[in-house]
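Residue-level structure breakdown
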Amino acid sequence: MSDAQTRAGFVALIGEPNAGKSTLTNHMVGAKVSIVTHKVQTTRARIRGVAIEGDAQIVFVDTPGLFQPRRRLDRAMVAAAWGGASDADVIVLLVEAHRGVTDGVKRILEGLEEIGKGRTVALAINKIDRVQSEALLALAKDLNERYNFSETFMISAEKGHGVKDLRTWLADHLPEGPWLYPEDQIADLPMRMIAAEMTREKLTLRLHQELPYQLTVETENWEERKDGSARVDQIIYVARDGHKGIILGKKGETIKAVSQSARAELEEFMGRKIHLFLQVKVRPNWLEEKERYSEMGLDFRDGNK
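Residue indices begin from 1 for each chain and proceed along its sequence in written order. Residues qualify for local features only when their pLDDT is at least 70, as the model is predicted, and side-chain atom pairs are given and counted only at 80 or more; totals for whole chains, interfaces and linings, by contrast, use all residues. Each side-chain value is worked out from all heavy atoms of the structure, with water and hydrogens disregarded.

Helix length check: helix α8 (residues 253-270) (18 residues) gives 26 Å between terminal C-alpha atoms against 26 Å at 1.5 Å per residue, within 8%. Among the residues of α8, Thr254, Ile255, Val258, Ser259, Ala262, Glu265 and Leu266 are the ones counted as buried. Along the axis of α8, the buried residues cluster in a sector spanning 140 degrees; they form a single face. Opposite the packed face of α8, turned more than 90 degrees from it, sit the exposed residues Lys256 and Glu268. Looking at the packing, one finds that the buried side of α8 touches α6 (191-206), β8 (230-238), α7 (241-248) and β9 (274-282). A helix here means a DSSP run of H or I that spans at least four residues, while a strand means a run of E at least two residues long, and both kinds are numbered starting from the N terminus. Helix span, as expected, comes to 1.5 Å for every residue beyond the first. A simple rule labels every residue: compare its accessible area, found with a 1.4 Å probe on the protein chains alone, to the largest value its type can have, and call it buried under 20%, exposed over 50%, or partly exposed in between. The arc in question is traced by the directions running from the helix axis to the C-beta atoms. Throughout, a contact is declared for two residues whenever any of their heavy atoms are within 4.5 Å.

Laid out in structure tokens, this is it:
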């Protein structure tokens, strides 16, 4: 296949927290490369998933949700989201059908007036199964009057409705050129970070309070074994001693369940045996440590803005 016949480029998915960006990324790619939970603000780094559509290679930049930042971590996440959009060839704004034009969506549209200049920007109204068709059409009309979108799509990222049409359109709007990644690669994240994200997802699902936003997971060691398996050692950093007890659970039941669930998903993802070992450590100021931001793929300096 010559370069002239192929297309490749970056597509940034932006939107409010929980708009369905991670779900859409995973559906487009056909594998789980971004964590999906019922909690908002779970995507911290710009996770790239790679999809093939005909002769085109689409590299999805799944950004953190855009929201009003309050903490350093929040500000770094929002900066990462806009950074992903400003670097992309095509931007897709995801809006939840049942929530409509919220204050958050209005702020994003204002940001697009600057970031979207000279770029192809599409609108994807997600979770269309939650509202009537009349309301969908009214929402699409309202949003297109507020911003000049190149195209509008009605989708359900979770069920896959409309996703194929969106992917085909994206492939046609990428610049011509050689593919950016090997054909069999689905993400450009190191396996260490993917593994850490999987464990963090299980913790987020298991713990039903604000604690998930006050913890982070790092893969400290990855050891390949002669039998084809791998030993993976991870550290869960929390801000307070009391948080450590919550994660461990009664007689260690919580961390055991998290470990089993994360290991099973990692084994399925990699297609081989994984020996996963988790530790919980208290680091009161991890939210202010530059190293933690680097591990998450965020810029520590952006937290100052």
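What follows covers helix α1 (residues 21-29). Counting buried residues along α1, seven of its nine residues qualify, which places the element largely inside the surrounding structure. Taken together, the buried positions of α1 are Lys21, Ser22, Leu24, Thr25, Asn26, Met28 and Val29. A positive backbone phi angle near 85 degrees is found at glycine 30, which sits one or two residues after α1.

This brings us to the pattern of salt bridges. Counted as salt bridges are all cases of a side-chain nitrogen of Lys or Arg within 4 Å of a carboxyl oxygen of Asp or Glu. One pass over the structure, following the stated rule, counts 15 salt bridges. We note a salt bridge from glutamate 96 to lysine 127, for which the minimum N-O separation is 2.6 Å. In this pair, glutamate 96 sits in strand β4 (residues 90-96) while lysine 127 sits in the loop between β5 (120-126) and α4 (133-146), placing the two residues 31 residues apart along the sequence. The two residues glutamate 96 and lysine 127 agree in class, both being buried. For arginine 200, the salt bridge goes to glutamate 197, with nearest N and O atoms at 3.1 Å. With arginine 200 and glutamate 197 both in helix α6, this residue pair falls three residues apart, about one helical turn.

The next thing to look at is unusual backbone geometry. One non-glycine residue, lysine 127, adopts positive backbone phi at about 60 degrees. Phi is positive for lysine 251, which is not a glycine, with a value near 55 degrees.

All right, on to the nonpolar core then. One broad rule of soluble globular proteins: the nonpolar side chains tend to lie buried together. Val11, Leu24, Phe60, Val92 and Leu170 are the most contacted members of the largest nonpolar core, which totals 24 residues. Mapped by element, the contributors of at least two residues to this core are β1 (7-15), α1, β3 (56-62), β4, β5 and α5 (163-172). The element contributing the most residues to this core is α5, with five residues. Residues contacting leucine 24, with those up to four places away along its chain left out, are Leu13, Leu94, Ile155, Ala157, Val163 and Leu166. Counting 22 residues, the second-largest nonpolar core is a separate cluster that includes Ile194, Leu207, Leu215 and Ile247. Take the buried Ala, Val, Leu, Ile, Met, Phe, Trp, Tyr and Cys residues and link them wherever side-chain atoms come within 4.5 Å; each set so joined is a nonpolar core.

What follows is about the side chain of lysine 127. Lysine 127 gets classed as buried once you look at its relative accessible area, which sits at 16%. A distance of 2.9 Å separates the side chain of lysine 127 from the backbone oxygen of asparagine 18, its partner in a polar contact. Discounting residues that sit within four places of it in the chain, lysine 127 has contacts with Asn18, Ala19, Glu96, Ala97, His98, Ile155 and Ser156. Pairs of N or O atoms within 3.5 Å make up the polar contacts considered here, provided that, within protein, one atom can donate a hydrogen while the other can accept it, and that residues adjacent in sequence are counted only when both atoms are side-chain atoms.

With that settled, consider the sheet that holds β8. Reading across the sheet, the three strands line up as β7-β8-β9 and stay open at both edges, with mixed pairing between neighbours. Two strands in the sheet have a free side with no partner beyond their single neighbour: β7 (215-224) and β9. On average, each strand axis in the sheet is tilted by 20 degrees relative to the strand beside it, whichever way the strands run. Two strands qualify as a pair provided that DSSP identifies no fewer than 2 bridges between them. Sheet topology note: the β7/β8 ladder contains nine bridges and is antiparallel. Among the inter-strand pairings, glutamate 224 is bridged to a residue of β8, identified as alanine 230. A fitted line through C-alpha atoms serves as each axis, taken over the contacting stretch for helices, and the angle formed by two N-to-C directions is quoted from 0 to 180°. Sheet strands in contact with α6 are β7, β8 and β9, and its direction is about 135 degrees off that of β7.

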